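Descriptive analysis of the structure
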Amino acid sequence: MIARLLILIARGWQLGPSAILPPTCRYVPSCSAYAITALRRYGALRGGWLATRRICRCHPFGGSGYDPVP
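Let us look at the structure shown here. Every chain's residues receive numbers from 1 upward, in the order its sequence appears when written. Residues qualify for local features only when their pLDDT is at least 70, as the model is predicted, and side-chain atom pairs are given and counted only at 80 or more; totals for whole chains, interfaces and linings, by contrast, use all residues. Side-chain figures throughout are based on the complete set of non-hydrogen atoms in the structure, without hydrogens or water.

Axis definition: a line fitted to C-alpha atoms, limited for helices to the stretch in contact. Angles are taken between N-to-C directions and run from 0 to 180 degrees. Helix and strand definitions here come from DSSP, where helices need a minimum of 4 consecutive H or I residues and strands a minimum of 2 consecutive E residues; each element is numbered from the N-terminal end. With their axes 9 Å apart at the nearest point, helix H1 (residues 2-15) and helix H3 (residues 31-57) run at an angle of 170° to one another. Relative to H3, H1 is oriented roughly antiparallel. Contacts between H1 and H3 pair Ile-2, Ala-3, Leu-6, Ile-7, Ala-10, Arg-11, Trp-13 and Gln-14 from the former with Ser-32, Ala-33, Ile-36, Leu-39, Arg-40, Gly-43 and Ala-44 from the latter. Residue composition of the contact of H1 with H3, by class: ten nonpolar, three polar and two charged. Between 65 and 115 degrees an angle is taken as roughly perpendicular, under 35 as roughly parallel, over 145 as roughly antiparallel, and anywhere else as oblique. Here, two residues are considered to be in contact whenever any of their heavy atoms come within 4.5 Å of each other. Gly is put with the polar residues, along with every residue not named as nonpolar or charged; the nonpolar set is Ala, Val, Leu, Ile, Met, Phe, Trp, Tyr, Cys and Pro, and the charged set is Asp, Glu, Lys and Arg.

Here it is in structure tokens:
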């Protein structure tokens, strides 16, 4: 139930602000796509943790490139 709510929030980001703003994601797949996959695969607790870690790594001094969900 909580995972579905978090997925809905991520989809809202993809369809709302992310669609308007220029693409700036440093990773492939994007952070929102990563979050949706992690939440579907692992549920709200672990998937949410993985998504939070990924979002925290997405900054100018962080990494970049291909980073799939484990």
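Position of Ala-33 relative to the elements: it lies in helix H3. With a 1.4 Å probe rolled over the protein chains alone, any residue whose accessible area is under 20% of its type maximum counts as buried; one over 50% counts as exposed, and the rest are partly exposed. For Ala-33, a relative accessible area of 25% translates into the label partly exposed. For the pair Ala-33 and Ile-7, spaced 26 residues apart in sequence, the C-alpha to C-alpha distance is 9.5 Å.

Another aspect to go through is the packing of aromatic side chains. Note on aromatic contacts: the rings of Phe and Tyr and the six-membered ring of Trp form a pair at centre separations within 6.5 Å, being stacked when their planes are under 30 degrees apart, edge-to-face when over 60 apart, and tilted otherwise. Applying the stated criterion across every chain yields a total of zero aromatic pairs. Only when the NZ atom of a Lys or the CZ atom of an Arg is both within 6 Å of the ring centre and within 35 degrees of the ring normal do we say a charge sits over the ring. Above the face of the Tyr-34 ring, Arg-54 is positioned so that its terminal group lies 4.5 Å from the ring centre. Its end group placed over the ring of Tyr-27, Arg-57 keeps NZ or CZ at 5.7 Å from the ring centre.

Only residues whose relative accessible area exceeds 30% and that form no salt bridge are eligible for patches; like-charged ones are grouped when within 9 Å, while nonpolar side chains (Val, Leu, Ile, Met, Phe, Trp, Tyr) are grouped when within 5 Å. Computed with the Shrake-Rupley method and a 1.4 Å probe, the accessible areas treat only the protein chains shown as cover for residues. In what follows, salt bridge is the name for a side-chain nitrogen of Lys or Arg lying within 4 Å of a carboxyl oxygen of Asp or Glu. A cluster of nonpolar side chains, contributed by Met-1, Ile-2, Leu-5, Leu-6, Leu-8 and Ile-9, occupies part of the molecular surface with about 690 Å² of accessible area. With respect to the secondary-structure elements, Met-1 resides in the segment before H1. Taking the relative accessible area as the measure of exposure, Met-1 reaches 85% and is therefore exposed.

Before going further, it helps to spend a moment on the side chain of Asp-67. Summarising the element assignment, Asp-67 is placed in the segment after strand E2 (65-66). Look past the residues within four positions of Asp-67 in its chain and what remains in contact with it is Tyr-27, Val-28, Pro-29, Tyr-34, Arg-54 and Arg-57.

Locating Gly-48 in the fold gives a position in helix H3. Distance in space between the C-alpha atoms of Gly-48 and Leu-6 is 8.1 Å, their sequence separation being 42 residues. Apart from the residues within four sequence positions on either side, Gly-48 is in contact with Leu-39 and Gly-43.

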